[in-house]
Each structure stands twice: as structure tokens, then as C-alpha cells.
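Residue strings, one per chain:
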Amino acid sequence: MTIGYNTIDVQIDLDAIRHNYRVLCEKGSNVYGVVKADAYGHGLLEVARALEEEGANTFAVGAVDEALTLRKSGCDNRIISLLGPLNEADCFNASQFNIIPFIGEFEQLDMLSRVVSAQGKKVDICLKFDTGMSRLGFSIDEIEKLLLWLKANPQINPVLASSHLATSDDPAYEDYVSAQAEVFSSILEKVRSAGYTVEASLANSAGILVHDKVHYDAQRGGVALYGVNPLLGTKWSSLGDRFKPAMQVSTKIAAVRDLKKGQAISYGCTCHAERDMKVAIVCAGYADGYSRHLSNTGQVCINGRRAQILGRVCMQLCIVDVTDIPDVHFSDRAYLLGGEGEGKISPDDLAGWWGTITYEVFCLLGFNPKMFK
Ligand SMILES: *Cc1c(COP(=O)(O)O)cnc(C)c1O
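Residues numbered from 1 in each chain as written. Predicted model: local features only at pLDDT ≥ 70, side-chain atom pairs only at ≥ 80, totals over all residues. Heavy atoms only, no water.

A. Main features of the pattern of salt bridges. One pass over the structure, following the stated rule, counts 14 salt bridges. Put simply, lysine 27 and aspartate 212 hold a salt bridge, and the shortest N to O gap is 3.2 Å. Residue lysine 27 is located in helix H1 (residues 14–27), and its partner aspartate 212 is located in the loop between helix H9 (205–210) and strand S9 (219–221); the two are separated by 185 residues in the primary sequence. Judged by its relative accessible area of 36%, lysine 27 falls in the partly exposed class. Put simply, Asp15, Arg18, Arg22, Glu53 and Glu54 are held in one network by salt bridges that share partners. (Salt bridge = Lys/Arg side-chain N within 4 Å of Asp/Glu carboxyl O. Helix = DSSP H or I, 4+ residues; strand = E, 2+ residues; numbered from the N terminus. Buried < 20%, exposed > 50% of the residue type's maximum accessible area, 1.4 Å probe, protein only.)

Spelled out as C-alpha cells, the structure:
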């Protein structure tokens, strides 16, 4: 596939994703596959199909349009839109295509009710509550008003209830998780006493692995599906050490050349050869989602070994030190993520050099053309 700007190849290992789903299911009781943002850059339709074969019956996507893409691909499973409707077309599509939208605002309820009534339909929704993220969702103070609204609008049918944890991966914030769970439980009690038999979910990947008390009826597994241990570097690390990375990103070497000691490298002359060196010019830059933050700090994997980025990352190129790596030639492969042998690059390695989290690395590199195996 060569539709990108460059020669970047993103290889997705669907078997690794299946394995990761099975591992999550050992801990969780009813794990939704979170496949928002093109399955964290791993390919929405392909990942959903693989998870479906592993028995996943519910998918959580981002916007309603993304849900629609999944539905129209032939997916018959339950599909949840985490973002919920933002306009009338979203409302129409949610009911027309049996997509369960997250709803956390009265404006959304009013709009949905208007559209669905005009269609002469009924729509299932997921009630979204804010228990500590201060982002989306009804607050516990709005419950009475919400229940009154729902009684008056029977065409809007809550079947799910959810909230999102802010700190499930951080041992220093265990109390915050408990506090969120307490608020969520008391919200659930009110919703259920009003006669709505909602399926409740609170946990994300880290919540599934660490906090049994936040499992409720279902869990929403995201980043662990893509091979990341969300607990790495904490005292809980061993709880998440069985996930296998599924994304490998590689590109071509455009040139191999010798530099004399003292020669300046790349824009701004931020790096000078500290000895006579051999460098490889690698076809990856920020136009490919390979961040300029990696300048002078990132590494790539060539012939199973690590090669340090020298100087600034350019739009479509970067320069790496291959002085000590034998047999590096024009048109050889360089791995930005993954690779073979000791030099293999993990998502956490790359995110660390990049100054971000694995989620962002996946989403940005995942914009490049993908191949599946
Ligand atoms: C992305 C997301 C998840 C998954 O979180 P991970 O940390 O990737 O497991 C779960 N719930 C909601 C609402 C999300 O937006």
C-alpha cells in the first residue's frame, strides 16, 4: 500500500490483539472492545472482526459516524458511541442503525427525543455520568431531573449506564478510584430504583486489571487490547505483563553516508558528529506522525540494533547513527516501532522518548497505511 506521503508501513498483528482480548477476559466478566479512533490507530473494521471472533459482543467507538462505519461494514453486534450525538444527523443515525449513544447532557436528550419522535421510533441509550473526570456526563445532582425527564420521554430507553475513571492506573490515587465507584454506585441505585434495568460499566483496562470492585456488570477494555501494560512502572506492573504489542511501524533507508568528526547534522545544526561516523537517512518524519519531539532523543531499530536519532527530525526524514551497526545499506528497513532482536522498540520506549503516552503514539502512527496479518 502506498497511499501515504512516504514509505511508512504499519503492520498490525491481529493475533496479538485476540490474545490480549482473551487475557483481559480472564480478569473481566463482560469486556467491551473499545475500538474508538480507528481502534487506537490499529484499524477499526479489522480489529472489530478479530474481537468478534473471540466472542466480543459489544464495541465502543468514538463519534456516531464511526459507529456507522462499523455498522455498515456488516457488524451486527452492539455498538456504543462514546461521544454521543452532536447534531440531528447523529440522532437520526443512532436510532436508524441501532447505535447506543452515550448521553450526558440535557441538550442531547432534547435533540434526540425530537428526532426520534419524528421518526416514530424508540432508541436505546447509555446514560453517562460524571463521577470525577469533570468531562462529560450528568452529575449526581442532576439525577432527579434526569429521571423525571426520562419518565416523560419513554421513547428514550436507557439500557446502559457508565462513568469513566480518572486514575485507575496509579497506586497513589486508589482512594480517588474508590470515591468515583461510590458515587457511581449511588447513582446506579437511584436509576435502578426508578425502574431502569441498566447494564453498568466503569472500568477501563487498568480498572479491569487492578480494581475488582469497579467491575460492575461490564468493563471497557482499550489500550491493553493493543498490547500495552497500563500499569508499567507501578507496583501493580506484574498484573498487566502478558499483553503483546500489535503494531509494528517500519520504513526505508534512503541513504547511508559517512560523516567526518565535527560535521553538523540536520536543521539548526543541533548535533555534530563526535567522531568519524556512519549515518543512515531514514524515511520518517513529522508528516508521517513521527514527532519532532524525537529530535536528538529517539531511536530506531536497524538489523536488530538500536540507532540513535541525530539532530532534528525533519518533515519526511530523520538521520540516525549506524556507526556500530554492520551491514546497513540503501533501501534496508528501519523500525520506528517493533523490530527484531535486542533492539526491538516497545510502545512505551517510543512514548518515553516522544514525551507522551502510548495511546498518542498509536493514534498518530496509525494514520499511515496499514497491513494486517
Ligand atoms: C478510551 C476509553 C476507554 C478505554 O480506556 P483504556 O485506558 O484504553 O482501557 C474506556 N472508556 C471510555 C469512556 C473511553 O473513552
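Alright, that's what it looks like, and here's the rest.
B. Seen up close, the packing of helix H10 (residues 347–354) against helix H11 (residues 358–365). With their axes 8 Å apart at the nearest point, H10 and H11 run at an angle of 95° to one another. With respect to their mutual orientation, H10 and H11 come out roughly perpendicular. Between H10 and H11, the contacting residues are Pro347, Asp348, Leu350, Ala351 and Trp354 on the first element and Thr358, Val361, Phe362, Leu364 and Leu365 on the second. When its residues are assigned to classes, the contact of H10 with H11 shows eight nonpolar, one polar and one charged. (Axes fitted to C-alpha atoms, helices over the stretch in contact; angles between N-to-C directions. Parallel < 35°, antiparallel > 145°, perpendicular 65-115°, else oblique. Contact = heavy atoms within 4.5 Å. Nonpolar A, V, L, I, M, F, W, Y, C, P; charged D, E, K, R; others polar.)

C. How the structure looks around the sheet that holds strand S7 (residues 156–162). Within the open sheet, the eight strands sit side by side as S8-S7-S6-S5-S4-S3-S2-S9. Their pairing is parallel. Because the sheet does not close on itself, it has two edges, and the strands there are strand S8 (199–201) and S9. With strand direction ignored, the average angle separating the axes of adjacent strands in the sheet is 30°. Both S7 and S8 contribute to a ladder of three bridges, which runs parallel. Counterpart to leucine 160 in the pairing with S8 is glutamate 199. (Pairing = 2+ DSSP bridges.)

D. Region of interest: the side chain of threonine 131. With respect to the helices and strands, the residue threonine 131 is situated in the loop between strand S6 (123–128) and helix H7 (143–152). Side-chain polar atoms of threonine 131 contact the side chain of serine 163, separated by 2.7 Å. Of note is the side chain of threonine 131, whose polar atom sits 2.9 Å from the side chain of glutamine 180. Those residues in contact with threonine 131 that sit more than four places away from it in its chain are Ser163, His164, Gln180, Val183, Phe184 and Ile187. (Polar contact = N/O pair within 3.5 Å; in protein donor to acceptor, adjacent residues only side chain to side chain.)

E. Expanded view of the environment of tyrosine 176. Within the fold, tyrosine 176 resides in helix H8 (residues 174–193). Sequence-wise, tyrosine 176 and asparagine 98 are 78 residues apart; in three dimensions their C-alpha atoms are separated by 35 Å. With residues up to four places along the chain from it excluded, the contact list for tyrosine 176 reads Gly132, Ala166 and Thr167. Within polar-contact distance, the side chain of tyrosine 176 engages the backbone oxygen of glycine 132 at 2.8 Å.

F. Seen up close, H7. Along H7, the residues classified as buried are Ile143, Leu146, Leu147, Trp149 and Leu150. Looking straight down H7, one finds that the buried residues subtend no more than 160° of arc, so they occupy a single side. Seen from the buried face of H7, the exposed residues on the opposite side, beyond 90 degrees, are Glu144, Lys145, Leu148, Lys151 and Ala152. At its buried positions, H7 is contacted by helix H6 (106–119), S6, S7 and H8. (Arc of directions from axis to C-beta.)

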